[in-house]
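# Structural overview
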Amino acid sequence: MKNPLNFYKPLAVGAPTPLRELPVRLERTIHFFPPQSEKMRAKVPSMIQQVDVLLGNLEDAIPADAKEAARAGFIEVAKAVDFGDTGLWTRVNALNSPWCLDDIIQIVSAAGDKLDVLMVPKVEGPWDIHYVDQLLAQLEAAHHVKKPILIHAILETAQGVKNVNEIAQASPRMHGMSLGPADLSASRGMKTTRVGGGHPFYGVLADANEDGSERTFFQQDLWHYTVARMVDACMSNGLKAFYGPFGDFEDNDACKAQFRNAFLQGCLGTWTLHPKQIEIAKDVFSPEVDEVLFAKRILEAMPDGSGAVMIDGKMQDDATWKQASVIVNLAKLVAKKDPERGAAYGF
Ligand code: GLV
Ligand code: MG
């Protein structure tokens, strides 16, 4: 294990010093676009008004013969567009692919100062993060990049889930993690053909009724265990957790339910793959107005955060004060970017 005194030292002479705390940013929507498409590149300036993060996807869903065009298209957009306070991320190809090394070298060389976060797919353990960490430091130093590029891991292999805590602790560059339900299903040998969401056969059957009437089947959340492990690994290490892709673009209700479970369990945002998922994500990952108003009442009733009070018949104490703070702090962040929601929250 590395000496803790060295944890925050740059890994290359001339590389920027690693951050001790993550930048506070609203990241409800990580919107994926295929950068090889000229039509999609032309939409980027208007897209960044609608989303919190724009991500140029180079990995899965980009055909093998378009990988280089996608990388070049991403670099073109990164250099040309002013992203303001919208985050710019890319998902590079997997570390064992023929494209990953050139993805990282070319993007950081050409647009390292524009890139906030590098998303690394199929992370299996801390060794994958150490490799990217070192490579990024060398490239940052060589190209005089001023702020450290952060790393976001996709949790999408059985081994990655097993090592989730070690991945979270692997580098001060770690920004967070997203659940990758499609690859994870395959890696685990789950018997599904979906990208996220529930499954009608995964659930529990209520006990038989005495009158022999039909028994109720309660569908369960396939992703509960993994999201919970990811949230614990991230939050206990100061990182952020995210839901990943939801592939059924026709089922907005199921998409919303999946996003909401992740939000309630501690996730701060989600990927959006289709424009219609953007509003769903913004809606779900902004706290509900009633919750914010109630949380504000808790904070007002307990100005120093200690003791116990009753509000509408519900007991409040130091612990509910902390829950209320989570909601109010998030609402304040949302209000800065989204004045309409901010007004509804009373900020
Ligand atoms: C995302 O990359 C997934 O595999 O679900
Ligand atoms: Mg995947």
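Taken together, Glu156 (OE) and Asp183 (OD) make up the protein donors of the magnesium ion (ligand 2), found 2.1 Å from the metal. Here Asp183 lies in helix 7 (residues 181–188) and Glu156 lies in the loop between strand 5 (150–155) and helix 5 (158–162), a separation of 27 residues in the sequence. On the accessibility criterion, Asp183 (24% relative accessible area) is partly exposed.

Taken together, Arg91, Glu156, Gly180, Pro181, Ala182, Asp183, Pro245 and Trp271 make up the full set of residues near ligand 1. In this structure, an oxygen atom belonging to ligand 1 sits 3.1 Å away from a main-chain N or O atom of Pro181. Starting from 190 Å² of accessible surface for ligand 1 in isolation, the protein chains cover 94%. In this structure, ligand 1 is accommodated by the second largest pocket. Tallying contributions element by element places helix 7 first for the shell around ligand 1, with three residues. Classifying every residue of the shell around ligand 1 gives four nonpolar, one polar and three charged.

As a further point, take helix 4 (residues 126–142). The end-to-end C-alpha separation of helix 4 is 24 Å, in line with the 24 Å expected for 17 residues at 1.5 Å each. Within the span of helix 4, buried status applies to Pro126, Asp128, Ile129, Val132, Asp133, Leu135, Leu136, Ala137, Leu139, Glu140 and Ala141. On the buried face of helix 4, the contacting elements are helix 3 (100–111), strand 4 (117–120), strand 5, helix 6 (164–168) and strand 6 (174–179). Positive phi shows up at His144, right after helix 4, with a value of about 55 degrees.

Strand order around the closed barrel formed by eight strands is 1-2-3-4-5-6-9-10, with parallel pairing between neighbours. Neighbour to neighbour, the strand axes of the sheet diverge by 25 degrees on average, direction disregarded. When strand 1 (residues 29–33) meets strand 2 (residues 53–57), the two strands line up parallel, connected through four bridges. Bridge pairing in strand 2 places Phe33 opposite Gly56.

Conventions we followed
Residues numbered from 1 in each chain as written. Chains lettered and ligands numbered in written order. Predicted model: local features only at pLDDT ≥ 70, side-chain atom pairs only at ≥ 80, totals over all residues. Heavy atoms only, no water. Donors = N, O, S within 2.8 Å, 3.2 Å for Na, K, Ca; no water. Helix = DSSP H or I, 4+ residues; strand = E, 2+ residues; numbered from the N terminus. Buried < 20%, exposed > 50% of the residue type's maximum accessible area, 1.4 Å probe, protein only. Near = heavy atom within 4 Å. Polar contact = N/O pair within 3.5 Å; in protein donor to acceptor, adjacent residues only side chain to side chain. Areas by Shrake-Rupley, 256 points an atom, 1.4 Å probe, with all protein chains shown as cover. 1 Å grid on protein atoms, 1.4 Å probe; cavity = no way out; pocket = protein on both sides within 12 Å on 5 of 7 lines; lining within 4 Å. Sits in = over half its atoms within 2 Å of the grid points. Nonpolar A, V, L, I, M, F, W, Y, C, P; charged D, E, K, R; others polar. Expected span 1.5 Å × (residues − 1). Contact = heavy atoms within 4.5 Å. Pairing = 2+ DSSP bridges. Axes fitted to C-alpha atoms, helices over the stretch in contact; angles between N-to-C directions.

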